[in-house]
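So you can see what is in the structure, the chains are spelled out below.
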Amino acid sequence: EKSQLFGGEAGTASREHRTRMAGATASLEQGKKKISEAHNMALETEQIGADILRDLREQRETMQRAKGNLNTVDGNLTDAQGTIKRIEQSQCVIS
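It should be emphasised that the depicted structure is a prediction, and the values quoted were computed from it without experimental measurement. (Residues numbered from 1 in each chain as written. Predicted model: local features only at pLDDT ≥ 70, side-chain atom pairs only at ≥ 80, totals over all residues. Heavy atoms only, no water.)

**A word on the overall build of the protein chain**
The criterion, for reference: Helix and strand definitions follow DSSP, with helices as H or I runs of at least four residues and strands as E runs of at least two, each counted in order from the N terminus. Only protein chains enter the accessibility calculation, which uses a 1.4 Å probe; a residue is then buried when its area is under 20% of its type maximum, exposed when over 50%, and partly exposed in between.
On a plain count of helices and strands, the protein chain comes out with two helices and zero strands. Buried positions account for 2% of the 95 residues belonging to the protein chain.

Put into structure tokens, the structure is as follows:
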């Protein structure tokens, strides 16, 4: 009886079972660690994406301001050209 409880075939089977359970537990822990790493990477990627979107929004606003400024400059140039033409015409009339 003792040989069956503490040794022999039953003891060997019990050791093998414990060994398999230890291996399964280690594998489970590795899986949990990889999931945690993947989760952290996903959070980091999400933050990077949010930063990129913020930068792109700021760049868009800068470009819109530049376009507005160019439109203002274009209007000013058109007005200046008109003024120059009026001055030239008035000088031709005076001459």
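Read on for the rest.
**Some words on the environment of Thr19**
Operational definition: For this analysis, a polar contact is any N or O atom pair within 3.5 Å, provided that within protein one partner can donate a hydrogen and the other can accept it, and provided that sequence-adjacent residues contribute only side-chain to side-chain pairs.
Relative to the elements of secondary structure, Thr19 occurs in helix α2 (residues 8–94). Polar contacts involving the side chain of Thr19 include one to the main-chain carbonyl oxygen of Arg15, which spans 2.8 Å.

**Overview of the pattern of salt bridges**
Note the cut-off: Every case where a carboxyl oxygen of Asp or Glu lies within 4 Å of a side-chain nitrogen of Lys or Arg is listed as a salt bridge.
Per the counting criterion, the structure on display carries two salt bridges. Lys32 is the partner of Glu29 in a salt bridge, and the nearest nitrogen-oxygen pair spans 3.7 Å. With Glu29 and Lys32 both in helix α2 and three residues apart, the pair spans about one turn of that helix. For Glu29, a relative accessible area of 42% corresponds to the partly exposed category. Of the charged contacts, one joins Arg54 and Asp51 as a salt bridge, the two residues approaching to 3.1 Å between their closest N and O atoms. Of the two residues, Arg54 and Asp51 both sit in helix α2, three residues apart, roughly one turn of that helix.

**Let's talk about a nonpolar patch on the surface**
As a reminder, the rule being used: Patches were defined on residues exceeding 30% relative accessible area and lacking a salt bridge, with like-charge contacts within 9 Å and nonpolar side-chain contacts (Val, Leu, Ile, Met, Phe, Trp, Tyr) within 5 Å. Values of accessible area rely on a 1.4 Å probe in the Shrake-Rupley scheme; residue burial ignores everything except the protein chains shown.
On the surface, a nonpolar cluster with roughly 380 Å² of combined accessible area is contributed by Ile48, Ile52, Leu53 and Leu56. Tracing the backbone through its elements, the reader meets Ile52 in helix α2. The class of Ile52 is partly exposed, set by a relative accessible area of 47%.

It is worth stressing that arrangement in space is one thing and function is another; only the former is reported here.
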